[in-house]
Amino acid sequence: MALAAAVLLAAPQPSLALDPIPDGPPSGPLNLHIPPHKSAPKSPNTTVIERAGKTGLPSLRLVALLTGDGQQIDEGLVWRIFQSTGPTGKAKLVLESHEATPLVKLQPGDYTVNAAFGRANLTRKIAVKTDGPPYEAFVLNAGGLRLGATVAGAPAAPGAVTYSIYADDHDQFDSRSVVISGAKPNLIIRLNSGIYRIVSQYGDANAKIEADVTVEAGKLTEANVTHTGGKATFKLVTRSGGEAMPDTRWTIQTDDGEMVKESVGALPTHVLAPGKYIVTASSGGHLYKNRFEIADGEVKNVEVLMAASALGARSAGATDIAPTNGDSLDSVGKPSFDFKTP
């Protein structure tokens, strides 16, 4: 598995988003100029908690940089300033701004400032003084990640594939913290530089792929996931081709007994990784089973016959809706996580 090639976020890129991009790079060129220290009218994008005696307070310009070499972020920022209050030292929000480089007036003292750029953020303490520096620069070391998905040789249908992104660090239970869940393909997600675990989910069962990707500061990493899987619809019937029994509880397991999916309904449909499975239907206090296999790209009805199951017979119970062109399960390619070189 090769690392994704990366390009500067500042470089012009065609948008591949299916929806408005909530976590994209600045749309214009990056401005490396830090605004001069001068008074500015109050902006509607800034929320200030008014306090008595604000006249003559020191002014401070907040500036966010994409990387340490001075790529300034000109939009998409959220600034939050906190101050510890009372004997307990509880942090209280004193200002929030959506400006790129807000000019803030604060009482002299120590503050905690959080600069958020999509999912990338930086929190650090600053000291406001009457004779202090005119600005504070925050280097986020942020990059972008854009994930694509392919199913059956074509771009995945809207809603068919989602992503979860996990941080590289582990907690005491050896679990990773979730950075974002339910992300859609082709959106640019802003992240701090580092290694992330990507879990790409096709459908709601076991057709998923996991891989690690590296996000570099000031660059866009692109990766494409090629999913395999077949779609199966289940129904419990008293005779082949009969009406589906309502309120049926379903359990799908792999051929070696590993749990895959549980659901309830007359006609549940799930996307499954290619392979052999055992399905169990529970209705009226009785259990009925059937075995079936599914191949990549296959669409199948899986019937569980109540009479055949009760007699312990191994019923066929699986009807192809869309044949797989004669491909056997052994010939199906494995899912892949491919990186795209711009």
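In this numbering scheme, every chain counts its residues from 1 along its sequence in written order. Selection of residues for local features in this predicted model requires a pLDDT of at least 70, selection of side-chain atom pairs for listing and counting requires 80 or more, and totals for whole chains, interfaces and linings are taken over all residues. Based on all heavy atoms of the structure, the side-chain values leave hydrogens and waters out of the count.

Caption draft 1: Spotlight on the packing of aromatic side chains. Ring pairs shown here join Phe, Tyr and Trp side chains whose ring centres sit within 6.5 Å, with only the six-membered ring taken for Trp; geometry is labelled stacked below 30 degrees between planes, edge-to-face above 60, and tilted in between. Counted according to the given criterion, the structure contains 4 aromatic pairs. For the pair Phe234 and Trp250, a centre-to-centre distance of 5.8 Å together with 40 degrees between the ring planes defines the contact as tilted. Highlighted residues: Phe234 in strand S18 (residues 230–237) and Trp250 in strand S19 (residues 249–254), separated in sequence by 16 residues. Accessibility assignment for this pair places Phe234 and Trp250 in one class, buried. On the numbers, 5.5 Å between centres and 65 degrees between planes, the contact of Phe234 with Phe292 is edge-to-face. Taken together, the positions of Phe234 in strand S18 and Phe292 in strand S23 (residues 286–294) put the pair 58 residues apart, joining distant regions of the chain. The rule is simple: take the accessible area with a 1.4 Å probe, protein chains only, and divide by the maximum for that residue type; under 20% is buried, over 50% is exposed, in between is partly exposed. According to the relative accessible area criterion, Phe234 is buried, its value standing at 0%. A network of ring pairs unites the aromatic residues Phe234, Trp250, Tyr277 and Phe292 as a single cluster. Secondary structure is summarised from DSSP: a helix means a run of H or I of at least four residues, a strand means a run of E of at least two, and numbering begins at the N terminus for each.

Caption draft 2: The arrangement of the sheet that holds strand S3 (residues 59–65) in detail. A strand pair is defined by DSSP finding two or more bridges across the two strands. In space, the 3 strands of this open sheet follow the order S6-S3-S9, with mixed pairing throughout. Looking along the sheet, the strands with just one partner apiece sit at the ends: strand S6 (103–105) and strand S9 (135–139). When the angles between neighbouring strand axes are averaged without regard to direction, this sheet yields 30 degrees. Axes here refer to lines fitted to C-alpha atoms; in helices the fit is confined to the stretch in contact. Angles between the N-to-C directions go from 0 to 180 degrees.

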